[in-house]
Amino acid sequence: QVQLVESGGGLVQPGGSLRLSCAASGNMLGIYAMGWYRQAPGRQRELVATITIRSGGTTTYADSLKGRFTISRDNAKNTVYLQMNSLKPEDTAIYYCSARGLANYWGQGTQVTVSS
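A short tour of the structure in this document, coming up.

Rules of the game
- Residues numbered from 1 in each chain as written.
- Predicted model: local features only at pLDDT ≥ 70, side-chain atom pairs only at ≥ 80, totals over all residues.
- Heavy atoms only, no water.
- Helix = DSSP H or I, 4+ residues; strand = E, 2+ residues; numbered from the N terminus.
- Buried < 20%, exposed > 50% of the residue type's maximum accessible area, 1.4 Å probe, protein only.
- Contact = heavy atoms within 4.5 Å.
- Areas by Shrake-Rupley, 256 points an atom, 1.4 Å probe, with all protein chains shown as cover.
- Lys, Arg positive; Asp, Glu negative; His and termini not counted.
- Charge placed at Lys NZ, Arg CZ, Asp CG, Glu CD.
- Salt bridge = Lys/Arg side-chain N within 4 Å of Asp/Glu carboxyl O.
- Disulfide = S-S within 2.5 Å.
- Phe/Tyr/Trp six-rings, centres within 6.5 Å; stacked < 30°, edge-to-face > 60°.
- Lys NZ or Arg CZ within 6 Å of the ring centre and 35° of its normal.
- Pairing = 2+ DSSP bridges.

On a plain count of helices and strands, the protein comes out with zero helices and 11 strands. The proportion of buried residues among the 116 residues of the protein is 44%. Relative to all contacts within the protein whose residues are 6 or more apart in sequence, the contacts with residues 24 or more apart total 51%. Total accessible area computed for the protein in this model is approximately 6100 Å², and 49% of it derives from carbon and sulfur atoms. Computing the positive centroid from 11 side-chain charges and the negative centroid from 6, the protein places the two 5 Å apart.

Counted by the stated rule, this structure contains four salt bridges. We note a salt bridge from Arg38 to Asp91, for which the minimum N-O separation is 2.9 Å. One end of the pair, Arg38, is in strand S4 (residues 33–39); the other, Asp91, is in the loop between strand S8 (79–84) and strand S9 (93–100), with 53 residues separating them in the sequence. When sorted by exposure, Arg38 lands in the same class as Asp91, which is buried. Across the pair Arg68 and Asp91 runs a salt bridge, and its minimum N-O distance is 2.8 Å. Placement of the pair is Arg68 in the loop between strand S6 (59–61) and strand S7 (69–74) and Asp91 in the loop between S8 and S9, with a sequence separation of 23 residues.

Tallied over the entire structure, the rule returns one disulfide. Between Cys22 and Cys97 runs a disulfide, and the two sulfur atoms are separated by 2.0 Å. Its S-S torsion of approximately -80° makes the covalent link between Cys22 and Cys97 left-handed. Here Cys22 is found in strand S3 (residues 18–26), whereas its partner Cys97 is found in strand S9, with 75 residues between them in sequence. Owing to a relative accessible area of 0%, Cys97 belongs among the buried residues under this scheme.

On to the packing of aromatic side chains, then. Applying the stated criterion across every chain yields a total of one aromatic pair. Both rings, one in Tyr37 and one in Trp106, keep their centres 5.1 Å apart while their planes meet at 70°; by these two values the pair is edge-to-face. Placement of the pair is Tyr37 in strand S4 and Trp106 in strand S10 (residues 104–106), with a sequence separation of 69 residues. Above the ring of Tyr81, the side-chain terminus of Arg19 is found at 3.9 Å from the ring centroid.

Sheet topology note: the S4/strand S5 (residues 46–52) ladder contains six bridges and is antiparallel. For Gly35, the partnering residue across the bridge sits in S5 and is Thr50. Here S4 folds back onto S5 in antiparallel fashion, the turn holding six residues, of which Gly42 has a positive phi close to 75°. Pairing of S5 with S6, which is carried by three bridges, proceeds in the antiparallel orientation. By the bridge assignment for S6, Ala49 is matched with Tyr61. Hairpin connection between S5 and S6: a loop of six residues separates the two successive antiparallel strands, and Ser55 in this loop has a positive phi of roughly 55°.

Right, here's the structure in full:
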């Protein structure tokens with residue numbers, strides 16, 4: 001089992017930045033990638049970014065978020081980060097951390113609200 005705990009969400013003004021963290025614990029041996037997804041009210045959950053845990057940390061991003069969002073990892077801390085810059089109101093959503101391996105795991109989510 002893997003447990004994921006997100007933090008760093010909150011209220012930010014348009015154009016601002018936030019950094020989300022996802023701390024993983026438990027048996028990480030079978031996990032090969034971690035990532036962030038988001039779900040806005042009335043919409044389906046969508047990919048934000050993923051990063052492999054081994055093999056150089058290959059990243060993937062939703063096309064619409066490239067250049068504003070950056071995913072990174074600290075393997076020693078079993079933690080993945082999401083740096084979000086130039087935030088827009090349409091980035092408002094619950095952001096979920098995920099871990100993918102023999103099984104897939106999800107965190108409880110952290111709310112990000114972009115509003116003036």
